[in-house]
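Reading the structure
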Amino acid sequence: MKKIPLFFVDGMIDSGKTSYINNTIITDSKASKYKTLLVVCEQGEIEYDEDELKKYNTAVRYIDTFEDFNNGSFEKAVEETGPSRIIVEMNGMWDIKEISFPKTVNVIQSILFVDGSTFGPYFSNMRQMFTDLILRSQVVCFTHVKGTEELAKYQNVLKLINKDASYFIVDENMEIMDAFEEELPYDIKADVIMVEPDDFSTFYIDSYDHHDRYEGRVIDFTCQAFISDDFTDGTFVGGRLIMNCCANDIQLYGFPIKNTLGYEAKMKEWLHVRGKISYEWSEQYKEIEMFLTPISIEPAPPREEVLNLTQSK
C-alpha cells in the first residue's frame, strides 16, 4: 500500500509557519491536481482562508490539543479527505516523538521556523527546547532577520546540534538565502592550516561540510586523545569535548588519527598534532569519515577540558 507523504512545519507561534504554508500551496503548480490535507495544530495572528485554499484542492482541519491528535482526530481527518499529501502546522510545544501516526502515513520532512528577532534571548533561556526542535528538523528557517550577521554567532552551536540540517533565512516575500556566511577564523589557503584551540568546533563543522576544501591538506591543531575499542591498531580519536546546550549534552567531536608514527596516546592526553587529511570509508562507522595521517604528535599543555559553546554572545 502506497503511504501518504506528510510534511511537518514546526516552530513557535508567529514564527512564519502559516505564511509559508499559504505560499507553498498557492504557488505549487501541482496543488490543484492532488488533494492536500492541511492539519492546523496552532493558530497565530494570520488565519487561513479556507475558501481560497479550496481552489487549490486543499482541505483544512483544526486539532487544538495534543490528546485529540492522538485520540483519533488526525486519523479521522485523513479518512474523510483522502489526501495525496498532508501538511501539518505543528504546535512547537508538542513532542513529535509522542505522536502516533496511522500506518497509511509516511513522515517525509520536518521544517522548523524560528523568529530571528527573538531567537537570542529565547535560545539562551530555553536552549533545551530549541535543541529538541532543531534535532528533529531537516530544514531550519529564520524569519524577521535582516542579514546573516545577526545569526553568525550561533553558527557553530546550531550546526553541532544538527550538522545535517539546512539553515536558511526567509524574508517577507518568502525568498530564501543561506543563513550562515563562511567566514573562517584561520587561513584556509595556507600550506599548513593553523587551527587555534578555541576554533576547533569551526574546523570540525567546516571539514564535515566541505570535503573538497580539506582533502589532502595539512592541518595543525590541539586536541585530546580518546582511545576507542573501535580501533585495534593503535589508531585513536583526536577531538574535543563540546557543550552546546547544557552539562548533560557534552559530546565528543573528533576524527581518527592513524597510528603511523607509533605514538602511544593515553586517554584524554592533550596533544599538539600536525597531519594530512583524507576522507575514507570507515568500516567502524559505516560511512565516509575524515582521517588524519600524522606528521608529528607532541604532548601539549592542558586546556579547559570542555569547549563551552553555551557562552555564545
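In what follows, the structure referred to is the one given above.
Overview of the structure. (Residues numbered from 1 in each chain as written. Predicted model: local features only at pLDDT ≥ 70, side-chain atom pairs only at ≥ 80, totals over all residues. Heavy atoms only, no water.)

**Some words on the packing of aromatic side chains**
- Applying the stated criterion to the full structure yields 24 aromatic pairs.
- Between F119 and F123 the ring centres are 4.8 Å apart and the planes differ by 20°, which places this aromatic pair in the stacked class. Here F119 and its partner F123 are both found in helix α4 (residues 119-125), 4 residues apart, which amounts to about one turn of the helix.
- F119 sits in the buried class, given a relative accessible area of 1%.
- Classification of F123 by relative accessible area gives buried; the value is 1%.
- Consider the rings of F119 and F142, whose centres lie 5.4 Å apart with planes at 80°: the pair is edge-to-face. Of this pair, F119 sits in helix α4 while F142 sits in strand β6 (residues 139-143), and the two are 23 residues apart along the sequence.
- A connected cluster of aromatic rings, assembled from ring pairs, spans Y186, F200, F203, Y204, Y214, F221, Y253 and F255. (Phe/Tyr/Trp six-rings, centres within 6.5 Å; stacked < 30°, edge-to-face > 60°. Helix = DSSP H or I, 4+ residues; strand = E, 2+ residues; numbered from the N terminus. Buried < 20%, exposed > 50% of the residue type's maximum accessible area, 1.4 Å probe, protein only.)

**Quick word on a negative patch on the surface**
- Taken together, the side chains of E149, E150, E181 and E183 present a region of like negative charge at the surface.
- In this fold, E183 is placed in the loop between β8 (176-178) and β9 (192-194).
- Using a relative accessible area of 64% as the deciding quantity, one classes E183 as exposed. (Patch = residues over 30% accessible without salt bridge, like charges linked within 9 Å, V, L, I, M, F, W, Y side chains within 5 Å. Areas by Shrake-Rupley, 256 points an atom, 1.4 Å probe, with all protein chains shown as cover. Salt bridge = Lys/Arg side-chain N within 4 Å of Asp/Glu carboxyl O. Lys, Arg positive; Asp, Glu negative; His and termini not counted. Charge placed at Lys NZ, Arg CZ, Asp CG, Glu CD.)

**Things to note about the pairing of strand β4 (residues 85-89)**
- Within β4, 5 of the 5 residues are buried, which leaves it mostly tucked inside the rest of the structure.
- Here β4 shows two buried faces, one formed by R85, I87 and E89 and the other by I86 and V88.
- Bridge analysis of strand β1 (residues 4-11) against β4 gives 4 bridges, and the strand direction is parallel. The residue of β4 that forms the bridge with L6 is I86.
- Pairing of strand β2 (residues 36-40) with β4, which is carried by 5 bridges, proceeds in the parallel orientation. Residue pairing across strands places V39 opposite V88, the latter belonging to β4. (Pairing = 2+ DSSP bridges.)

**Let's talk about the pattern of salt bridges**
- Applying the stated criterion across every chain, the model contains 11 salt bridges.
- The salt bridge partner of E52 is K55, with a shortest N-O separation of 3.1 Å.
- On the basis of relative accessibility, which here comes to 26%, the residue E52 falls in the partly exposed class.
- Since its relative accessible area comes to 59%, K55 is described here as exposed.
- Close ionic contact of K258 with E280 constitutes a salt bridge, the shortest N to O distance being 2.7 Å. One end of the pair, K258, is in the loop between β12 (251-257) and β13 (270-282); the other, E280, is in strand β13, with 22 residues separating them in the sequence.
- Among the residues examined, K258 registers a relative accessible area of 23% and is labelled partly exposed.
- Classification of E280 by relative accessible area gives partly exposed; the value is 26%.
- Several salt bridges converge on common partners, so that one network encompasses R61, K76 and E80.

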